[in-house]
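Reading the structure
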Amino acid sequence: SSSPSSLPPPRRQRTRGSFSSSRAETASKPPGSDSRHSLRQLVGSGRERGGRRMSKTEWVVCPNGCGEKLFYRELTAHCNALCVERLEPCTSGCGAMVRFREKNKHKMMYCGCRPVPCKYAPKCRWTGQARYLTVHLDNALTSSQKEHQVKGDPYIECLERPVPCWHPPLVAVSQGKEGSGEYSTRWVGCGVELRFGDRDKHEATECQFRREVCKLGCGESLLGYRVQEHYTGRKPEDCLDSAMWAASGCSNRDMECNYVLSKPKHPPT
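Residues numbered from 1 in each chain as written. Predicted model: local features only at pLDDT ≥ 70, side-chain atom pairs only at ≥ 80, totals over all residues. Heavy atoms only, no water.

1. Concerning the nonpolar core
For soluble globular proteins, the rule of thumb is that nonpolar side chains tend to be buried together. So the rule is basically this: Within this scheme, the nonpolar core is defined by two criteria: the residues are buried Ala, Val, Leu, Ile, Met, Phe, Trp, Tyr or Cys, and they are joined through side-chain atoms within 4.5 Å. With a 1.4 Å probe rolled over the protein chains alone, any residue whose accessible area is under 20% of its type maximum counts as buried; one over 50% counts as exposed, and the rest are partly exposed. By the convention used here, residues are in contact when the closest approach between their heavy atoms is within 4.5 Å.
Within the largest apolar cluster, 10 residues are counted, these being Val116, Cys118, Cys124, Trp126, Ala130, Val135, Leu141, Val150, Ile156 and Cys158. With residues near it in sequence (within four places) discarded, Cys118 still touches Cys124, Trp126, Leu133, His136, Leu137 and Cys158. Membership of the second largest hydrophobic core comes to 8 residues, among which are Leu70, Tyr72, Cys79 and Cys83.

Structure, rendered in structure tokens:
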């Protein structure tokens, strides 16, 4: 019988728990985290093919996708400074990462910080960054909201863009066939499309659907198309009598008596 000291050492066996934990660690790695998909790990560890250390004179293909084949020792310099497919931040400040070969195209056509004029130039003098062009032409934002988004730009509000009159239109309701119970509605409003810079003047003095309080003190609120008639009244020839003519306008207006005395046929002797 052999002594215990002469027996071979026992073989180390992999336990079930260690195998499961190694599989769990492998499964928990995110895609693309393997060393062969990362240039930093590829160059730093020097391991790529079959787990062996690569030689500096071995041929490799650029991982950025440009198709360049070069020595392993030249890979870092190529990917950082020479590769046309490398990603670089936009120098205009928009924050986008752009392929080097598309850098000039991005600055001229797609960069949000590129300078662009207003579509209504030369009447509109605004020239700003492309990302603010929609703000400049937006009809839904007020002037204070635009100035809050783009600070320090005195021309952020485009005065030349066409806008509809903002006075709310009236709704006209008409009944359909008798007994059908159907009704139709239509918008009866100003409908004028005008230059934004002229909108305030139009809504204050020209719009037919503006609201205006009588300036003579009667207190009546009038629509724009009734203002002139309210101050002057109807034409005498359109009225049946003097009472109808007097009631056709403001009760506080000055009226001129148009009654003409008839001359006698025979002068008194």
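2. Considering empty space enclosed by the protein
Which parts of space are left empty comes out when a probe the size of a water molecule is rolled across the atoms. Spelled out, the test is: Computed over the protein atoms alone on a 1 Å grid, cavities are sets of points where a 1.4 Å probe fits but cannot get out and pockets are open sets with protein on both sides within 12 Å along at least five of seven lines; a residue lines them when it has an atom within 4 Å of a point. Grid points are joined across faces, edges and corners, and a volume is the space filled by probe spheres set on the points. Think of it this way: any DSSP run of H or I at least four residues long counts as a helix, any run of E at least two long counts as a strand, and we number them from the N terminus.
Going through the model one piece at a time under the given rule, you end up with 1 cavity of 30 Å³ or more. The calculated volume of the largest cavity comes to roughly 30 Å³. Contributing to the lining of the largest cavity are Glu88, Pro89, Cys90, Val98, Lys103, His106 and Lys107. If you list the elements that add at least two residues to the lining of the largest cavity, you get strand 3 (87-89) and helix 4 (103-110).

3. Some points on the packing of aromatic side chains
Put simply, the rule is: Ring geometry is summarised as follows: Phe, Tyr and Trp rings, the Trp one being its six-membered ring, pair when their centres sit within 6.5 Å, and such pairs are stacked at plane angles under 30 degrees, edge-to-face over 60 and tilted between the two. Comment: the charge-over-ring label is applied if NZ (Lys) or CZ (Arg) is within 6 Å of the ring centre and within 35 degrees of the ring normal.
Applying the stated rule across the entire model yields 2 aromatic pairs. Aromatic pair Phe209 and Tyr225: ring centres 6.1 Å apart, planes at 65°, arrangement edge-to-face. Here Phe209, found in the loop between helix 7 (199-206) and strand 11 (211-213), pairs with Tyr225, found in the loop between strand 12 (221-223) and helix 8 (227-232); they are 16 residues apart in sequence, far enough to count as distant. In this structure, Arg73 is placed above the aromatic ring of Phe71, and the distance from its NZ or CZ to the ring centre is 4.8 Å. Sitting over the face of the ring of Phe196, Arg161 holds its NZ or CZ atom 4.0 Å from the ring centroid.

4. Some remarks on the confidence of the model for the chain
Selection rule: For every residue, the pLDDT score states the predictor's confidence, bounded by 0 at the bottom and 100 at the top.
Averaged over all residues, the pLDDT of the chain equals 76, while 68% of them reach at least 70. In this model residues 15-38 is a low-confidence stretch, pLDDT under 50, and it forms 9 contacts with partners more than four residues away in sequence or in other chains.

5. Examining a nonpolar patch on the surface
Here is the rule: A residue counts toward a patch only above 30% relative accessible area and without a salt bridge, and it is joined to like-charged neighbours within 9 Å or, for Val, Leu, Ile, Met, Phe, Trp and Tyr, to nonpolar neighbours within 5 Å. Here the Shrake-Rupley method, with its probe set to 1.4 Å, supplies the accessible areas, and only the displayed protein chains count as covering residues. One speaks of a salt bridge when a side-chain nitrogen belonging to Lys or Arg is within 4 Å of a carboxyl oxygen belonging to Asp or Glu.
Judged by side-chain polarity, Met108, Met109 and Tyr110 come together as a nonpolar surface patch covering roughly 390 Å² of accessible area. Within the fold, Met109 resides in helix 4.

6. Concerning the layout of surface pockets
Which entries qualify depends on this criterion: Only Asp, Glu, Lys and Arg are considered charged, only Ala, Val, Leu, Ile, Met, Phe, Trp, Tyr, Cys and Pro nonpolar, and every remaining residue, Gly among them, polar.
Counted as a void, the largest pocket has a volume near 220 Å³. When residues in the lining of the largest pocket are grouped by element, the largest group, 3 residues, is from helix 6 (residues 143-149). When grouped by side-chain class, the residues that make up the lining of the largest pocket number 6 nonpolar, 1 polar and 8 charged.

7. Overview of the pattern of salt bridges
Across all of its chains, the model carries 13 salt bridges by this definition. Close ionic contact of Arg86 with Glu88 constitutes a salt bridge, the shortest N to O distance being 2.8 Å. Glu88 is paired through a salt bridge with Lys103; the nearest N and O atoms lie 2.9 Å apart. Pair noted here: Glu88 is in strand 3 and Lys103 is in helix 4, with a separation of 15 residues, a long-range link. By relative accessible area, Glu88 is classed as buried at 19%. Its relative accessible area of 21% is what places Lys103 among the partly exposed residues. One salt-bridge network, held together by shared partners, links Glu85, Arg99, Arg101 and Glu102.

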